[in-house]
Amino acid sequence: MKQNILYIVCKLISFVWHYIAPISRNKVVFISFGGRTYNDNPKVISEGLFDNYGSDIKQIWLVDEDKWKYLPPYVKAVKPSLINHLIYLPISSVWVSNFSLFPSIYKSPSQYYIQTWHGDRAFKKIGFDVSGRENLKNNYLNSSKQIDLFIAGSKFGERMIRSAFHYEGEVLNIGCPRNDQLLRNDEQKVNAIKKLLGVKKGERILMYAPTFRDINKDKGTKQSIPLDMNIVLNILSLATHSKWKIFVRLHSHMIKYGCNIKFTEDIVSVSDYPDMSDLLLISDVLVTDYSSSVGDFSLMGKLSLLFQGDRTLYELNDRPLYFDMQKTPFIYAETTDKFYVLLNRFSELNGKENSRKINEFYEVTETGHSTEKICEIIHNKFV
């Protein structure tokens, strides 16, 4: 009852404000992961707009204050409070988000909402693809009714978007903007990021990026990681005769709670680094469990490994998966011992061939030019 009242009140406030302060035709508002950070597809589109059209387009970012230090000077930063959503969304000509927005914000037919969902090659089911969770489904449905354009980088992703959101509108299936740089794989940028993160010449990087568990998120408890990162380092060093670093990247839901890994000079937390795509770009191997980042990483033809030690419990207590793992091309292990065996076979594993199979599995449609196309749509239609 309280939620319905809040919905109606917010809708009314944003509707009234929309007509008191008319839309600014050259104003675009960006939100990434509900305002938690400055990254992902919205960031790339934001930077692309400035690179191509300069200050002709006024950009507003709803983002937590501790991330303002990462924002360029041409961006106006505001806190992602409900009141700021009510103020800035109704008067902006274009909305760009990679996460569900408040469905209670009024959007007029003359405004344009671009949804760049953060994982179009998902493992775990979302929205209407999950049984139960009716409140969540209603939010997806109300939000999807406002969307004018959905972005995808695979046929799998487009099917997921239509089923999970019950979305019937236009899908631009030419790639996710954050992945444009993975396809370009610019050596100069790779070196610059490595230098920023203290990676020495000749050092190789394994990035470990587990997704969150509902029990940790809901109770605010530390995430327990079963893998021993020192063992992982030793196996890789012996198997490859190379020096390795492990970058640990927790899901944004888990950053403030942390995990049980003890960090050292060679086992480094990169959870606070804002841009996952940059980290994928410089990594040699990706290890995760149920993260859609594998679908991005495979674009570079590099090796990805899955450690799924709790898959049965995960599907029961957290999220069901979209597919039977045994019918996929992913290389995975279900116990720590089997994962260590996989690492010992490192030199036998063909990352390029496995990536090709993963791309075929998802029916990838990435072009490397999605950013410029989306920026062109924004500029031509609304500025």
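Report follows, based on the coordinates. (Residues numbered from 1 in each chain as written. Predicted model: local features only at pLDDT ≥ 70, side-chain atom pairs only at ≥ 80, totals over all residues. Heavy atoms only, no water.)

**So, unusual backbone geometry**
The backbone of H166 shows a phi angle near 50°, a positive value even though the residue is not glycine. For H166, the location among the structural elements is in the loop between α5 (155-165) and β7 (170-173). Its relative accessible area of 43% is what places H166 among the partly exposed residues. The phi dihedral of N185 falls on the positive side, at around 50°, and the residue is not glycine. Looking at the secondary structure, you find N185 in the loop between α6 (180-184) and α7 (187-196). (Helix = DSSP H or I, 4+ residues; strand = E, 2+ residues; numbered from the N terminus. Buried < 20%, exposed > 50% of the residue type's maximum accessible area, 1.4 Å probe, protein only.)

**Comments concerning the layout of surface pockets**
In this structure, the second largest pocket encloses a volume near 580 Å³. Around the second largest pocket sit 28 residues that line it, and V44, E47, Q181, R184 and K189 are the ones nearest its centre. Counting residues per element, the ones that place at least two in the lining of the second largest pocket are α2 (40-53), α6, α7, α10 (276-282) and α15 (370-382). Of all the elements, α2 adds the most residues to the lining of the second largest pocket, at 7 residues. Of the residues belonging to the lining of the second largest pocket, the class tally is 8 nonpolar, 8 polar and 12 charged. (1 Å grid on protein atoms, 1.4 Å probe; cavity = no way out; pocket = protein on both sides within 12 Å on 5 of 7 lines; lining within 4 Å. Points joined across faces, edges and corners; volume = space filled by probe spheres on them. Nonpolar A, V, L, I, M, F, W, Y, C, P; charged D, E, K, R; others polar.)

**Looking at helix α9 (residues 229-240)**
What sets the pattern is the α-helix's 3.6 residues per turn: residues three or four places apart point alike. End to end, α9 covers 16 Å across 12 residues, agreeing with the expected 16 Å (1.5 Å per residue, within 8%). Buried residues of α9: M229, V232, L233, I235, L236 and T240, and no others. Buried residues of α9, seen end-on, are gathered within an arc of 170° and therefore sit on one face of the element. Residues of α9 that are exposed and point over 90 degrees away from its buried face: N234 and L238. Contacts made by the buried residues of α9 are with β8 (204-208), β9 (244-248), β10 (267-269) and α13 (336-344). Structurally, the start of α9 carries an N-cap: the backbone nitrogen of N230 is 2.9 Å from a side-chain oxygen of D228. (Expected span 1.5 Å × (residues − 1). Arc of directions from axis to C-beta. Contact = heavy atoms within 4.5 Å. Polar contact = N/O pair within 3.5 Å; in protein donor to acceptor, adjacent residues only side chain to side chain.)

**Topic: the sheet that holds strand β1 (residues 24-31)**
Spatial strand order, β3-β2-β1-β4-β5-β6-β7: 7 strands in an open sheet with parallel pairing. Each of the sheet's edge strands pairs with one partner strand only, and the pair in question is β3 (75-78) and β7. Averaged over all pairs of adjacent strands, the angle between their axes in this sheet comes to 20°, without regard to strand direction. In the sheet, β1 pairs with strand β2 (residues 58-62) via 4 bridges, with the strands oriented parallel. For V28, the partnering residue across the bridge sits in β2 and is Q59. The strands touched by α5 within the sheet are β6 (149-152) and β7, with β6 carrying the most contacts at an inclination of about 140°. (Pairing = 2+ DSSP bridges. Axes fitted to C-alpha atoms, helices over the stretch in contact; angles between N-to-C directions.)

**A few points about the pairing of β1**
Where β1 meets strand β4 (residues 92-97), 5 bridges bridge the pair, whose relative direction is parallel. In the strand pairing of β4, F30 is matched with V96. The handedness of the β1 to β2 crossover, carried by α2, is right-handed. (Right-handed = clockwise from strand over helix to strand, strands pointing away.)

**Side note on the packing of α9 against α13**
Interhelical geometry of α9 versus α13 gives an angle of 25° and a closest axis separation of 9 Å. Taken as axis vectors, α9 and α13 run roughly parallel relative to one another. With respect to the hand of their crossing, α9 and α13 are arranged in right-handed fashion. Within the contact between the two elements, α9 uses I231, V232, I235, L236 and A239 and α13 uses F339, Y340, L343 and N344. A class-by-class count of the residues in the contact of α9 with α13 yields 8 nonpolar, 1 polar and no charged. (Parallel < 35°, antiparallel > 145°, perpendicular 65-115°, else oblique. Left-handed = near helix turned anticlockwise from the far one by under 90°.)

**Some remarks on α13**
For α13, the set of buried residues is F339, Y340, L342 and L343. Viewed end-on, α13 has its buried residues packed into an arc of 150°, placing them on one side of the element. Away from its buried face, by an angle of more than 90 degrees, α13 presents the exposed residues D337, K338 and N344. Each element contacted by the buried residues of α13 is listed here: α9, β11 (285-288), β12 (303-307) and β13 (332-333).

**Here we look at the pattern of salt bridges**
Counted by the stated rule, this structure contains 22 salt bridges. Ionic pairing is found between R178 and D296, a salt bridge with its closest N-O pair at 2.9 Å. You can see R178 sitting in the loop between β7 and α6 and its partner D296 sitting in helix α11 (residues 293-297), a full 118 residues away along the chain. You can call R178 buried: its relative accessible area is 6%. Under the relative-accessibility criterion, D296 is labelled buried at 5%. With a shortest N-O distance of 3.7 Å, E203 and K243 are connected by a salt bridge. (Salt bridge = Lys/Arg side-chain N within 4 Å of Asp/Glu carboxyl O.)

**Looking at the packing of aromatic side chains**
One pass over the full model with this rule turns up 23 aromatic pairs. Between F123 and F323, the aromatic rings sit 5.3 Å apart at their centres with planes inclined by 70°, giving edge-to-face as the arrangement. Of this pair, F123 sits in the loop between β5 (112-115) and α4 (134-144) while F323 sits in the loop between α12 (311-317) and β13, and the two are 200 residues apart along the sequence. Just as F123 is buried, F323 falls in that class too. Aromatic pair F307 and F339: ring centres 5.9 Å apart, planes at 65°, arrangement edge-to-face. (Phe/Tyr/Trp six-rings, centres within 6.5 Å; stacked < 30°, edge-to-face > 60°.)

It is worth stressing that arrangement in space is one thing and function is another; only the former is reported here.
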